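# Notes for the structure review
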Amino acid sequence: SRMSTRPDYISDEIIEILSHYSVRTVELGVQSMDDEVLYASGRGHDAACAERACRMLLHAGYEVVGQTMIGLPGSTAQSEIDRADWLCRIGVQGARIYPTVVFADTALCDMMQDGCYEPLSLDEAVERSAAVLHIFEDHGVRVIRIGLCASDNLLDPALAVGGANHPALGELVRSHLYYRNLRELLLRAHAPVQQVYIPARELSVAIGQHKQNLLRMQA
């Protein structure tokens, strides 16, 4: 079984308690490894706490899944890439990628309305999430999910008032990464490429939603 928690909830006592139950996987909210981003986002802990929690769980033999967020206040594309790389190097076995969504009646919503925070557009979130996905896949870390689950009214526009909230966000991100990788291969080719053969199981993500990748490659 698995459980999800915050880095500052992990301690020797908690790990001792978990050892008496059937928990094998712990999903940890490592939303940033930048103290300024964590402070601006009101996370209530610092990067050292997140690192300590990861190391403690891995040392105790648990499978760790790092839950990461894209586009938090003060976060940059590079800091998100660096965090994904750090999670891979420390040894997490899985990851979730959540572009930041602003919900009504939250502190983040107040920051957005006051002009102190501007959430990412859908295109920005897709591009930055694809860069992070590339890091995880390159290190063999499986990505369990990209974007919020459509259940529990999380996609309700009355609740989600800002940020990249799309029912097929994961497909958009994986398709964008496929385009990036394919374009890089074509640019490195020694001669003009007239045809590209795609495995049948990858055809949908290669073409992209509304044939977006196909149209971009033809442009």
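Residues numbered from 1 in each chain as written. Predicted model: local features only at pLDDT ≥ 70, side-chain atom pairs only at ≥ 80, totals over all residues. Heavy atoms only, no water.

### Focus: the pairing of strand β3 (residues 63-70)
Most of β3 sits out of view: seven of its eight residues are buried. Sheet topology places strand β2 (residues 25-29) next to β3; five bridges connect them, and they run parallel. Bridging across to β3, Glu27 finds its partner in Val65. As paired strands, β3 and strand β4 (residues 94-99) are joined by six bridges and run parallel to one another. Along β4, the bridge assignment pairs Thr68 with Ile97. Viewed along the sheet, the connection from β3 through helix α4 (residues 77-90) into β4 turns out right-handed. (Buried < 20%, exposed > 50% of the residue type's maximum accessible area, 1.4 Å probe, protein only. Helix = DSSP H or I, 4+ residues; strand = E, 2+ residues; numbered from the N terminus. Pairing = 2+ DSSP bridges. Right-handed = clockwise from strand over helix to strand, strands pointing away.)

### Topic: helix α6 (residues 122-138)
For an α-helix the count is 3.6 residues per turn, leaving residues at separations of three or four pointing the same way. Along its 17 residues, α6 runs 24 Å from first to last C-alpha, staying within 8% of the 24 Å computed at 1.5 Å per residue. Buried within α6 are the following residues: Ala125, Val126, Arg128, Ser129, Ala130, Ala131, Val132, Leu133, Ile135 and Phe136. Buried residues in α6 make contact with β3, α4, β4, β6 (142-146) and α7 (169-187). (Expected span 1.5 Å × (residues − 1). Contact = heavy atoms within 4.5 Å.)

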